Amino acid sequence: HNVDIGYFSQTRTDVLNVENTVLREAYSAAPGYMSEEVIRSILGAFLFTGDDADKKVRVLSGGEKSRLILAKLLINPPNFLLLDEPTAGMDIPSEVELLDFVSGLRVQGTAILLVVHQISLVAGRANRMALINKDIPLFAVGEANELLNSETLTALYREPMQVFDAAGQVIVRCGCAGQGARA
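The sections below set out a description of the structure shown in this document. All values reported here derive from a predicted model rather than from experimental measurement.

### Overview of helix α7 (residues 150-157)
- All buried positions along α7 are accounted for by L153, L156 and Y157. Seen end-on, α7 carries its buried residues on one side only, within an arc spanning 80°.
- At the N-terminal boundary of α7, the capping side chain belongs to N149, with an oxygen 3.2 Å from the backbone nitrogen of E151.
- Taken from the residues just after α7, R158 is the one with a positive phi, measuring 55°.

### A short note on the sheet that holds strand β2 (residues 80-84)
- If you walk across this open sheet you meet the 3 strands as β1-β2-β3, and the pairing is parallel. The two strands at the open ends of the sheet, each matched to only one other strand, are β1 (5-9) and β3 (111-115). Direction aside, neighbouring strands of the sheet carry axes that sit 10° apart on average.
- The pairing of β2 with β3 spans 5 bridges and is parallel.

Here is what the cut-offs are and how they apply
Residues numbered from 1 in each chain as written. Predicted model: local features only at pLDDT ≥ 70, side-chain atom pairs only at ≥ 80, totals over all residues. Heavy atoms only, no water. Buried < 20%, exposed > 50% of the residue type's maximum accessible area, 1.4 Å probe, protein only. Helix = DSSP H or I, 4+ residues; strand = E, 2+ residues; numbered from the N terminus. Arc of directions from axis to C-beta. Polar contact = N/O pair within 3.5 Å; in protein donor to acceptor, adjacent residues only side chain to side chain. Pairing = 2+ DSSP bridges. Axes fitted to C-alpha atoms, helices over the stretch in contact; angles between N-to-C directions.

Rendered as structure tokens:
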């Protein structure tokens, strides 16, 4: 079926050469010649703009390293992308930017398996979901718009759950101490 898999794990920062600059590290993922303009454009989609591309990898925060690994994956984009907690360690604007970028890849035909703990991060972006409760042998798989309701989530997580729309964004809240739902 000609599947080309790209894999991201939040714990795999060892795939980066810490002595490189962000720009040089991004170039290392190019399969052949790629213009600096194209590389910088991809880096810009991951919030590495201007002088950020000249920073040494070793001075990057954990979230910045995660964004750089993802940028490298997408310089030579696979047609199936497995992302294991790609937003871990990121601030909210970086999470939004990353998930918007990943949503764009899905629209372009890339198959994506995304693992997150915060349902609200992907609630409005995913078309299908698998919701898992690690503490009990229960799970639900289906269309996102069918699974994201208070009754289904409350039954699965055995906590009162609320689902509501806030200015077009689906928000999932756990009734437990006001924390967001963790899946």
